[in-house]
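Geometric and topological summary
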Amino acid sequence: LHPSPLLSKPDLSSPEHEKEQESQENGRLVADSVAEKGQKSCSGPGQVSNGYPSTSPQSPREGPGAGMDRGSTPGAFRTLVVQQTSLDPPRETWSKKMDFLLSVIGYAVDLGNVWRFPYICYQNGGGAFLLPYLLMAVFGGVPLFYMELALGQFHRSGCISIWKHICPIFKGIGFAICIIALYIAFYYNTIMAWALYYLLSSFRATLPWTTCNNQWNTPNCTRYLSTDLNVSWTDNSISPAQEFYIRQVLQVHLSPGLHQLGWVSWQLALCLLFIFTVVYFSIWKGVKTSGKVVWVTATFPYLVLLILLIRGATLPGAWRGVVFYLKPDWGKLLTTTVWLDAAAQIFFSLGPGFGVLLAFASYNPFHNNCYKDALITSSVNCLTSFLSGFVIFTVLGYMAEMRQQGVETVAKDAGPSLLFIIYAEAIANMPAATFFAIIFFLMIIMLGLDSTFAGLEGVITAMLDEFPHLLARRREWFVLGLVCVCYLGALSTLTYGGAFVVKLFEEYATGPAVITVVFLEVIAVSWFYGTTRFCNDVQLMLGFAPGVFWRVCWVAICPCFLLFIIGSFLAFPPEVKLFNYLYPFWTTVLGYCIGFSSFICVPSYMVYHLVTTKGTFKQRLLKSITPEASGSSGPQRDTIVITNAV
């Protein structure tokens, strides 16, 4: 922007002082012109109601009354392009639209799409499961996904500071989300450390989980390949892949349970250190750097999935796995468990409520079409889950054919064991096993990395927006401190009993808490902030308002959808078991306490806000549920900066 002579520093003893008076006169003229437009929600083409400038520049024809002064020179006119703005530095934005889309897809498509969806699908009726899954996606998951993208893009704030614009008393939701994100970082990255250990072990001609003559093997180890015709598989047989995972990578046999975790595995500690180093240098500069990294981490898994799908489809017995995966059992639709699993799967797959979608969308241009983005990214996520089922079950059918067992017997493992035992063993039996092992475990790491980028970026954006004067110029140091905290918190998952800790965090510490938090978020936006006001915000951004379907979903269907999950979880708490270890009752209590430690932020902040707000109780309550206008105080409203003058 070229400075105008009107903005030059005045000298009271020179003719420039007259120019200052002229600029003040023009400023008053502009202010009067803005005032004449009435106190509307949209105060002009260059300004939108939430206090942020529009992305499109104002042309002279858009507001002639606001920028012309014909009184000084006959037959001539001057145009002032004015913009109300903040004295704070402009908010960072994505370099390209594709950076944003790949970041959201990379966040939504994670390890759960590869191992959790195929397992839940065949467990709940195969092809019949797709019906409740799609219904839960259409009426629950996608509306929540769309709502968070729209909220983040309109208010341009992280998950903490955004609440002053929605419903201030619910600000504790933002702090709860940040704590939940930390808990997830404590255990989620450990799974990538396991994958890195496998990756480093794959750079050899004979993969170490294919033989039974290693120091970690037991007499029950049975090497059973398609070429070993003289070897029979019994109920006591243990595959070398299972022993490598349990006894060498995890070393879980050295820990009796959660009451005695044992020492930290130095190999896994180094692997996790490398993972967090990559994470730090990918996100330390903001979305400008992470937006470039996801071009690799979000696209490479699709290439590998395609290669593995083609390879799996050519294996003998692959058709058995596909039939088992998709054969519908319509009778299971009458059970509550199927609908609960469908709701939980779509919720945790799309990932609303973790503060990530709010953070990513806040870096978008104001008029970006987040409605189309929500539909594209959620569709890609669901299709990826469906595709992953074929990738997994073609290989499981091959394993069943090789062992001469049923697919249900081979596929009894769920979660990480499905990848690190069953799939790893299947890869070892393929020609060019080393190549397939390397790309497969690289894919696992990539799937986890971009989800970690997103989770931590949600926390970083929230804290930088809440404490800008303290942290805005110290982002690199804050990110370093956050990564160090996550690494130290993850040390318990690197012990000999670390797999038990991972399972505890996954089942109890994060799931119920985040669902409850999202339920409160929907209530706050739909009922307190108001669906009408929210739809007006969306119309201001996109040019069209959400239809009746979206309004009904936000007001009624989504809260019921989330209440259904919460109620089912409380009524039927899962029986947690890992390998042969059945979690005792005190571990369940411990898990709920960890989950409650994050949720306690919500009622605690409500009490704090009511106590610290001035006035009678009724005045405090009204002020607590009344959103603050963006930029209603401070320089954002009071300062008129003339950015250009012609």
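Bear in mind the structure is a predicted one, so any value in this text is a computation, not a measurement. (Residues numbered from 1 in each chain as written. Predicted model: local features only at pLDDT ≥ 70, side-chain atom pairs only at ≥ 80, totals over all residues. Heavy atoms only, no water.)

Focus: the packing of helix α3 (residues 97-108) against helix α14 (residues 370-403)
One can describe the packing of α3 onto α14 by two numbers: an axis separation of 9 Å at closest approach and a directional angle of 40°. Relative to α14, the element α3 is oriented oblique. Crossing of α3 against α14: the hand is right-handed. Contact with α3, carried on its side by K97, F100, L101, V104, I105 and A108, involves D373, T377, V380 and N381 of α14 and no other residues of that element. Of the residues assigned to the contact of α3 with α14, the class counts are 6 nonpolar, 2 polar and 2 charged. (Axes fitted to C-alpha atoms, helices over the stretch in contact; angles between N-to-C directions. Helix = DSSP H or I, 4+ residues; strand = E, 2+ residues; numbered from the N terminus. Parallel < 35°, antiparallel > 145°, perpendicular 65-115°, else oblique. Left-handed = near helix turned anticlockwise from the far one by under 90°. Contact = heavy atoms within 4.5 Å. Nonpolar A, V, L, I, M, F, W, Y, C, P; charged D, E, K, R; others polar.)

Considerations on the UniProt feature "binding site: Na(+)" (unreviewed entry) in the protein
UniProt marks G106, A108, V109, N113, S349, N381, L447, D450 and S451 with the feature "binding site: Na(+)" (unreviewed entry), using the numbering shown here. Spanning 346 residues, the named residues nonetheless gather at one spot, since no C-alpha pair among them exceeds 13.9 Å. Tracing the sequence through the fold places D450 in helix α17 (residues 433-466). Mapping S451 onto the fold places it in helix α17. The buried category is assigned to S451, whose relative accessible area is 10%. (UniProt positions renumbered as here; feature names shortened; annotations may be inferred. Buried < 20%, exposed > 50% of the residue type's maximum accessible area, 1.4 Å probe, protein only.)

Section: the pattern of salt bridges
Under the defined criterion, the tally for this structure stands at 8 salt bridges. In this structure, K171 engages E466 in a salt bridge whose closest nitrogen and oxygen atoms are separated by 2.6 Å. Within this pair, whereas K171 is found in the loop between α5 (130-155) and α6 (172-201), its partner E466 is found in helix α17, the two being separated by 295 residues in sequence. Residues K171 and E466 agree in their burial class; the two are buried. (Salt bridge = Lys/Arg side-chain N within 4 Å of Asp/Glu carboxyl O.)

Observations concerning the nonpolar core
Nonpolar side chains tend toward joint burial in soluble globular proteins. Of all hydrophobic cores here, the largest spans 200 residues; its most connected members are W194 and W209. Here this core takes 21 residues from α6, the largest share from any one element. (Core = buried A, V, L, I, M, F, W, Y, C linked by side-chain atoms within 4.5 Å.)

Brief notes about the environment of I166
Positionally, I166 belongs in the loop between α5 and α6. For the pair I166 and E521, spaced 355 residues apart in the sequence, the C-alpha separation amounts to 9.9 Å.

As for the environment of L578
Structurally, L578 can be placed in strand β2 (residues 577-578). Here the alpha-carbon distance between L578 and S417, two residues 161 residues apart in the chain, equals 10.0 Å. Not counting the four nearest positions on each side in its chain, L578 is found in contact with A499, F500, K503 and Y583.

Considering unusual backbone geometry
Residue Q251 is not a glycine yet carries a positive backbone phi of 55°. Following the sequence through the fold, Q251 ends up in the loop between α7 (240-250) and α8 (266-283). Its identity as a non-glycine residue notwithstanding, A432 has a phi of 60°, on the positive side. Assignment of secondary structure puts A432 in the loop between α16 (416-428) and α17. According to the relative accessible area criterion, A432 is partly exposed, its value standing at 49%.

What about the packing of helix α24 (residues 601-612) against helix α25 (residues 617-624)?
Angle between the axes and distance between the axes are the two parameters that describe a pair of packed helices. Relative to each other, α24 and α25 sit at 125°, their axes nearing to 9 Å. By the angle between their directions, the pair α24 and α25 is classed as oblique. The handedness of the crossing between α24 and α25 comes out as right-handed. On α25, the residues touching H609, L610 and V611 of α24 are R620, L621 and S624. Looking at the contact of α24 with α25, its residues break down into 3 nonpolar, 2 polar and 1 charged.

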